[in-house]
2 protein chains.
Amino acid sequence: MEYKFSDRVSTLKPSAIREIFKYAADPSYISLSAGNPAPEAFPAKEIAEISAKLLAENPILALQYSVTEGYPLLREELTKYLKENHNIGRDFDNIIITSGAQQIADLLTKAVVNEGDVVITEAPSFIGCLNTFRAYNAKLVGVPMESDGMNIEKLEEALKNNPNAKFIYTIPNFQNPSGITMSLEKRHAVYDLAKKYGVLILEDNPYGDLRYIGEALPSIKSFDEDGIVMYAGSFSKVISPGMRVAYVMGPQPVIQKMVVCKQGADVHTNIWSQVVCYEFMKNYDFNAHLENLRQIYTKKRQVLLDAMEKNLAPYITWDDFNGGLFAWCHLPEGVDMLDFVQKAVERKVCVVPGTAFLTDENDPCDAFRINFSTPTDEQLVKGIEILGQLIRDILGK
Amino acid sequence: MEYKFSDRVSTLKPSAIREIFKYAADPSYISLSAGNPAPEAFPAKEIAEISAKLLAENPILALQYSVTEGYPLLREELTKYLKENHNIGRDFDNIIITSGAQQIADLLTKAVVNEGDVVITEAPSFIGCLNTFRAYNAKLVGVPMESDGMNIEKLEEALKNNPNAKFIYTIPNFQNPSGITMSLEKRHAVYDLAKKYGVLILEDNPYGDLRYIGEALPSIKSFDEDGIVMYAGSFSKVISPGMRVAYVMGPQPVIQKMVVCKQGADVHTNIWSQVVCYEFMKNYDFNAHLENLRQIYTKKRQVLLDAMEKNLAPYITWDDFNGGLFAWCHLPEGVDMLDFVQKAVERKVCVVPGTAFLTDENDPCDAFRINFSTPTDEQLVKGIEILGQLIRDILGK
């Protein structure tokens, strides 16, 4: 049998991060390459309580088929939560539950992007979603990141040059991989440009609740009076990624098409886990839980910063990151990034090469990504020491 | 904002079944339209036990990110189970876990079907998968069903006339909606034709374990020496559909592309539920559980048959169904099927119009589908009585 694959996937490769995971899964390696929550961040006891009660009192709810849109009580609770806490949601909006936030990118692309159409993304951006867009033969146009978010002139240029652009994909808070947070001014500018050029915005906010320094900025969706922003939230970083429960709020006509696409994709999201997320939000102190997560990660971030100051400075620099799970590190001029990452693997430390996050991975890139949520403090310190020794060896310092 | 949707979804409509569910959810209606397992068929106690132990002893396994291919122990257990029980699986095959069997149709279509390519299906066939194929702009070519499966001459004609056909979609056991089981001879014929014309087969087998009469026939996959059959199995009908856990076994090159597509679709399937399915298969008597399900449904099937004999015969006839969850009922000549279904809804009984299952729903159809797994015995009897009265009223008998 000679297998013929569709044009859209024939050039698609497994995610570079997932390939690195093969080493990272080996316990003799120190992995700074994942994006997993810290093991101590899971509300495992509360989940066990909720689940035991649910299966004892209402097993059919948890185990039977459910509706594609998602568990109605969870949708209501999230609608209230987003309105009260983030001023998100207008009369024209609706919310559905998805199987992780990755599925939001998948369903939106399926619903609005024809093959060859353009998706505008930050450059660098989250590799998982870039691959989702590629899997529909979308053309990716990257807009360079600055310390306060996308370069707005380049964004307008991209919109002007690509009348078949369908949406702008952005992670405004503690972006993956760069850790950058978009300024309020740029949030307004992105919104205004999307409106002017008639494209949607996919605002992906998995890390918004994980701010360790400073005050939260309003989401782009909170400005949305025109029905152009799809807001993606997720329980993956704040309750559990293994459950694959996320949500998207956006204008009803787009949500409706995404529901039809979801019927054909997986019928509905695991309802047992949806009910668990609902009960956790409703009957436990969700804000206290988030505060606890912030404390865990504030401490881990400091461990990383101290280790980087001691071992990587001044040769390797990093961008400011006030939240999220990642640090984005730049190598000094003349040091080949892919060679550095390869040598780090040889010394049993895994980081992710920055090229993985580019719309064209052959573009030059001086950066690599470090995750600080998953490793233990000891692994963090040891891993950064090894990277520090490596850069000094390469530079002959 | 003027929303522009992709060509692939702009003509896509919500599933007719899901629309009927809106009435069916109203408890004043008798719904014979779902395809849900009977509430008493869930191993709720065992699931609660397994889950409590898992969350107490290994919560991180259940709650953390996992690998796209699926929980390794479940993949191993299923590989062994399929080999030992069904002679399925060769060296060239691999198995992955998916978020329900619907996702198998989605990932395979994404991986091998270009827009405009053909998928050959039984006619009628499962509306969920037909809509999945449509959502990739696949062209559907239906092959008429006979009492022993697809018309083989028409199948060869379809393959000959459509060199861009990529796969044949079939449900060989107790097909949805027709209840028909493909004969052994036709299973070989379908395999041989797929091989001759170089197309894949998607063998969807959600109901195979739910045979109430007669002996099981070998699956098409059990003949597969050439790597042309993708075998889809599911826990939805035998453990719980709410968990959305299914599996597909097929030749490694195709599975590998499906894994890449799944990375972009939902990263991985809910790992908590995957572990629960594994532990249930491994540590409980899975075959005894299946035997119990067969007893439950054998009884319900008999309730339906008795009620149909008493109320529908001789005006409404039905095809033999030796397993599964559905009866496929034919109206007498001259009775308009859509009108009948509409009038049944007015009398508060919901069945699914047969046109929903056609590749072209404007084709003529004299049939509707009855589900007997979800309603109580009392609802079944009462619902069939109402349908019997309706047909006599229409015919003036």
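What this report covers is the structure whose coordinates are included nearby. (Residues numbered from 1 in each chain as written. Chains lettered and ligands numbered in written order. Predicted model: local features only at pLDDT ≥ 70, side-chain atom pairs only at ≥ 80, totals over all residues. Heavy atoms only, no water.)

Turning our attention to the overall build of chain A. Looking only at helices and strands, chain A has 14 helices and 14 strands in total. In summary, chain A has a C-alpha radius of gyration of 21 Å against a globular reference of 21 Å for 397 residues, a match within 12%. Taking all 397 residues of chain A together, the buried fraction comes to 64%. Within chain A, contacts between residues at least 6 apart in sequence are counted, and of these 76% link residues at least 24 apart. As displayed, chain A has an accessible area near 14200 Å², and 49% of this comes from carbon and sulfur atoms. Between the centroid of the 40 positive side chains of chain A and the centroid of its 52 negative side chains there is a distance of 2 Å. (Helix = DSSP H or I, 4+ residues; strand = E, 2+ residues; numbered from the N terminus. Rg over C-alpha atoms; globule rule 2.2 N^0.38 Å. Buried < 20%, exposed > 50% of the residue type's maximum accessible area, 1.4 Å probe, protein only. Contact = heavy atoms within 4.5 Å. Areas by Shrake-Rupley, 256 points an atom, 1.4 Å probe, with all protein chains shown as cover. Lys, Arg positive; Asp, Glu negative; His and termini not counted. Charge placed at Lys NZ, Arg CZ, Asp CG, Glu CD.)

Residues and elements named next belong to chain B. Ordered in space as E10-E11-E14-E13, the 4 strands form an open sheet in which the pairing is antiparallel. If you trace the sheet from one side to the other, it starts and ends with strand E10 (317-318) and strand E13 (352-353), each paired once. When E10 meets strand E11 (residues 326-330), the two strands line up antiparallel, connected through 2 bridges. Paired with Trp-318 across the bridge in E11 is Cys-329. (Pairing = 2+ DSSP bridges.)

Two quantities define a packed helix pair, namely the angle between the axes and the distance from one axis to the other. All names here are of chain A. Contact pair helix H5 (residues 72-86) / helix H11 (residues 271-283): the axes reach a minimum separation of 9 Å and the direction vectors enclose 40 degrees. In terms of axis orientation, H5 runs oblique to H11. The hand of the H5/H11 crossing is left-handed. Contacts from Leu-73, Leu-74, Glu-77, Leu-78, Lys-80 and Tyr-81 of H5 reach H11 at Gln-274, Cys-277, Tyr-278, Met-281 and Lys-282. For the contact of H5 with H11, a count of residues per class yields 7 nonpolar, 1 polar and 3 charged. (Axes fitted to C-alpha atoms, helices over the stretch in contact; angles between N-to-C directions. Parallel < 35°, antiparallel > 145°, perpendicular 65-115°, else oblique. Left-handed = near helix turned anticlockwise from the far one by under 90°. Nonpolar A, V, L, I, M, F, W, Y, C, P; charged D, E, K, R; others polar.)

Here the focus is the interface of chain B and chain A. Contact residues are listed per partner, giving 78 residues for chain B and 78 residues for chain A. Around 6600 Å² of area is buried between chain B and chain A when both sides are counted, 58% of it from carbon and sulfur atoms. On the surface where chain B and chain A come into contact, there are 2 salt bridges. For Lys-110 of chain B, the salt bridge is made with Asp-106 of chain A, and the minimal N-O distance between the two is 2.7 Å. At the boundary of chain B with chain A, the tally comes to 41 residue pairs in polar contact (both at pLDDT 80 or more). Of all the elements in the fold, those that place two or more residues in the side of chain B that touches chain A are helix H1 (7-10), helix H3 (44-57), helix H4 (59-63), helix H6 (102-112), helix H10 (252-265) and helix H11 (271-283) of chain B. Of the residues forming the side of chain B that touches chain A, the biggest block, 8 residues, is contributed by H10 of chain B. (Buried area = accessible area lost by both parts, 1.4 Å probe. Salt bridge = Lys/Arg side-chain N within 4 Å of Asp/Glu carboxyl O. Polar contact = N/O pair within 3.5 Å; in protein donor to acceptor, adjacent residues only side chain to side chain.)

Moving on: helix H5 (residues 72-86) of chain B. All names here are of chain B. For H5, which comprises 15 residues, the first-to-last C-alpha distance of 21 Å matches the rise-based estimate of 21 Å (1.5 Å per residue) to within 8%. Those residues of H5 not exposed but buried are Leu-74, Arg-75, Glu-77, Leu-78, Tyr-81 and Leu-82. For H5, the buried positions fall inside an angular range of 165 degrees around the axis, keeping them on one side. Away from its buried face, by an angle of more than 90 degrees, H5 presents the exposed residues Glu-76 and Glu-84. Of the residues one or two after H5, Asn-87 is the one with positive phi, at around 50 degrees. (Expected span 1.5 Å × (residues − 1). Arc of directions from axis to C-beta.)

Taken across its 5 residues, strand E11 (residues 326-330) of chain A has 5 buried, putting it largely inside the fold. Covered by surrounding structure in E11 of chain A are Phe-326, Trp-328 and His-330 of chain A together with Ala-327 and Cys-329 of chain A, the residues of both alternating faces.

A word on the pattern of salt bridges. Inspection of every chain in the model, using the stated rule, returns 40 salt bridges over all chains. Here the salt bridges do not stand alone but share partners, grouping Glu-40, Lys-299, Lys-300 and Asp-377 of chain A into one network.

Buried residues dominate helix H7 (residues 127-134) of chain B, accounting for 7 of its 8 residues. Taken as a whole, H7 of chain B has its buried residues at Ile-127, Gly-128, Cys-129, Leu-130, Asn-131, Thr-132 and Phe-133 of chain B.

With that out of the way, let us pick up the packing of aromatic side chains. Tallied over the entire structure, the rule returns 29 aromatic pairs over all chains. Ring geometry for Phe-133 of chain A against Phe-167 of chain A: centres 5.4 Å apart, planes inclined by 75 degrees, an arrangement best described as edge-to-face. On the criterion of sequence distance, the pair formed by Phe-133 of chain A in helix H7 (residues 127-134) and Phe-167 of chain A in strand E6 (residues 165-170) is long-range, its members being 34 residues apart. Of the two residues examined, Phe-133 of chain A and Phe-167 of chain A, each falls in the buried class. Pairwise contacts between aromatic rings join Tyr-81, Phe-280, Tyr-284 and Phe-286 of chain A into one cluster. Here the guanidinium or amino end of Arg-301 of chain A rests over the ring plane of Phe-321 of chain A, the centre of that ring lying 5.2 Å away. The ring of Phe-5 of chain A carries Lys-257 of chain B above its face, with NZ or CZ at 5.6 Å from the centroid. (Phe/Tyr/Trp six-rings, centres within 6.5 Å; stacked < 30°, edge-to-face > 60°. Lys NZ or Arg CZ within 6 Å of the ring centre and 35° of its normal.)

Attention now moves to the state of the cysteines. Applying the stated criterion across every chain, the model contains 0 disulfides over all chains. Of all cysteine sulfurs in the structure, the one in Cys-261 of chain B sits closest to Cys-129 of chain A, which takes part in no disulfide; the separation is 15 Å. Its relative accessible area of 2% is what places Cys-129 of chain A among the buried residues. Left unpaired, Cys-329 of chain B is separated from the closest cysteine sulfur, that of Cys-365 of chain B, by 11 Å. On the basis of relative accessible area, Cys-329 of chain B is assigned to the buried category, the value being 0%. (Disulfide = S-S within 2.5 Å.)

With that settled, the discussion passes to the sheet that holds strand E14 (residues 367-371) of chain A. All names here are of chain A. A sheet is described by the order of its strands in space; here 4 strands give the open sequence E10-E11-E14-E13, paired in antiparallel fashion. Here the strands that pair on one side only, and so sit at the sheet edges, are strand E10 (317-318) and strand E13 (352-353). Sheet topology places E13 next to E14; 2 bridges connect them, and they run antiparallel. Note on E14: the bridge partner recorded for Pro-353 is Phe-368.

Moving on, we come to the relation of the copies chain B and chain A. Superposition record for chain B on chain A: RMSD 0.0 Å, screw rotation 180 degrees, translation along axis 0.0 Å. As the rotation angle and translation indicate, the two copies are arranged about a two-fold axis. Comparing interface residues between copies, 100% of those in chain B also sit at the interface in chain A, which points to an isologous, same-surface contact. (Least-squares fit on C-alpha atoms with pLDDT ≥ 70 in both.)

Turning our eyes to something else, we now look at the environment of Tyr-71 of chain B. Residue and element names in this part refer to chain B. For Tyr-71, the position within the fold is in the loop between H4 and H5. By relative accessible area, Tyr-71 is classed as buried at 9%. Beyond its immediate stretch of four places on either side in the chain, Tyr-71 contacts Leu-61, Ile-97, Ile-271, Gln-274, Val-275 and Tyr-278.

Our focus in this paragraph is the side chain of Ser-51 of chain B. Within the fold, Ser-51 of chain B resides in helix H3. Residue classification places Ser-51 of chain B among the buried positions, given a relative accessible area of 2%. Here Trp-272 of chain B takes part through its side chain, which lies 3.1 Å from a polar atom of the side chain of Ser-51 of chain B. Those residues in contact with Ser-51 of chain B, other than ones at most four positions away along the chain, are Ser-51, Leu-55 and Trp-272 of chain A together with Trp-272 and Val-276 of chain B.

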